[in-house]
Amino acid sequence: MVQLHVKRGDESQFLLETTCSISMEDLTQQVARIYNSRLKVQRICSEMEELAEHGVFLPPNMQGLTDEQIEDLKLKDEWADKCVPSGGSVFKKDEIGRRNGHAPNEKMKEVFKKTVEEAKAQISKKQVQANVCVNMEMVKDALDQLRGAVMIVYPMGLPPHDPIRMEFEDKEDLSGTHAGLEVIEESEAQLWWAAKELKRTNKLSDFVGKNEKTKIVVKIQKKGQGAPSREPVISNEEQKQMMLYYYRKQEELKKLEENDDDSYLNSEWADSHALKRQFHGVKDIKWGPR
């Protein structure tokens, strides 16, 4: 199997195993699908951490308003009584004003925490260092775990406007957000290798040959952004270590230049007549009393 090390810019994303005979059309869609699904898992994990702390999302017309403003406008959250966490809620006000503040109890929080940690680990970028390949089944499994945890804590479900429910139903609206900029549509995705675009009309074997043990680094890019920038020859960490090494070397040279002390001339090893005195037997003569 050919191993692809997928990157976005200079940042590693995941490893993927495929075959030389796969068409670039299928491979590009597969890489983009895994890439976007991993982003979805990360977004859901982030929102679930907020859900554990401050409860479900308020209706859009109540978000960002103070309690006095909500009272003056006579607004009511119709979903507050329907979406109650298992075991009752603990009130913890959301200072941002996005959530209703009725958070799950500690036991249910732990369910969220454990599930989020497992899902994050499953699609983590650290899997690259561990040489673990990621596939769509693994990402779907992470999504199913998160969905199951939400059903355990909120058996009556979440409001239709809650971002977690919208993510699960593929109805999320990311327009105007930073998360939206990270997403690469499958139709707009491009793969690059060795500063060369892997065109969808070809097969992978047209670029890398037919050796199934090949390992390559590919970069995913949006169509129209051009070739991704070349990576530096050395990493930031290596550059820091080199700068630190040369700084220390420079400091040592400075100290040597400042040290003009010639007291070493009194040392035994610097005595040019030591050999002569040794032959004459007058090496250890002391003129004072013993």
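Model, not experiment: these values are computed from the prediction. (Residues numbered from 1 in each chain as written. Predicted model: local features only at pLDDT ≥ 70, side-chain atom pairs only at ≥ 80, totals over all residues. Heavy atoms only, no water.)

A. Fine view of the pattern of salt bridges. Using the criterion set out here, one finds 21 salt bridges in the structure. The salt bridge involving Glu-47 is made with Arg-99; its shortest N-O contact spans 2.6 Å. On the criterion of sequence distance, the pair formed by Glu-47 in helix H1 (residues 24–54) and Arg-99 in the loop between strand S3 (89–91) and strand S4 (102–104) is long-range, its members being 52 residues apart. Comparing Glu-47 with Arg-99 shows no difference in burial state: the two are buried. (Salt bridge = Lys/Arg side-chain N within 4 Å of Asp/Glu carboxyl O. Helix = DSSP H or I, 4+ residues; strand = E, 2+ residues; numbered from the N terminus. Buried < 20%, exposed > 50% of the residue type's maximum accessible area, 1.4 Å probe, protein only.)

B. Inspection of the sheet that holds strand S1 (residues 2–8) at higher detail. Ordered by their spatial adjacency, five strands build an open sheet running S2-S1-S7-S5-S6, and the pairing between neighbours is mixed. Each edge of the open sheet is held by one strand with a lone partner, namely strand S2 (11–18) and strand S6 (196–197). Relative to S2, S1 runs antiparallel, the two sharing seven bridges. Bridging from a neighbouring strand, His-5 pairs with Leu-15 of S2. In the packing of H1 onto the sheet, contacts are made with S1, S2, strand S5 (189–193) and strand S7 (215–222), and the angle to S2 comes to roughly 135 degrees. (Pairing = 2+ DSSP bridges. Contact = heavy atoms within 4.5 Å. Axes fitted to C-alpha atoms, helices over the stretch in contact; angles between N-to-C directions.)

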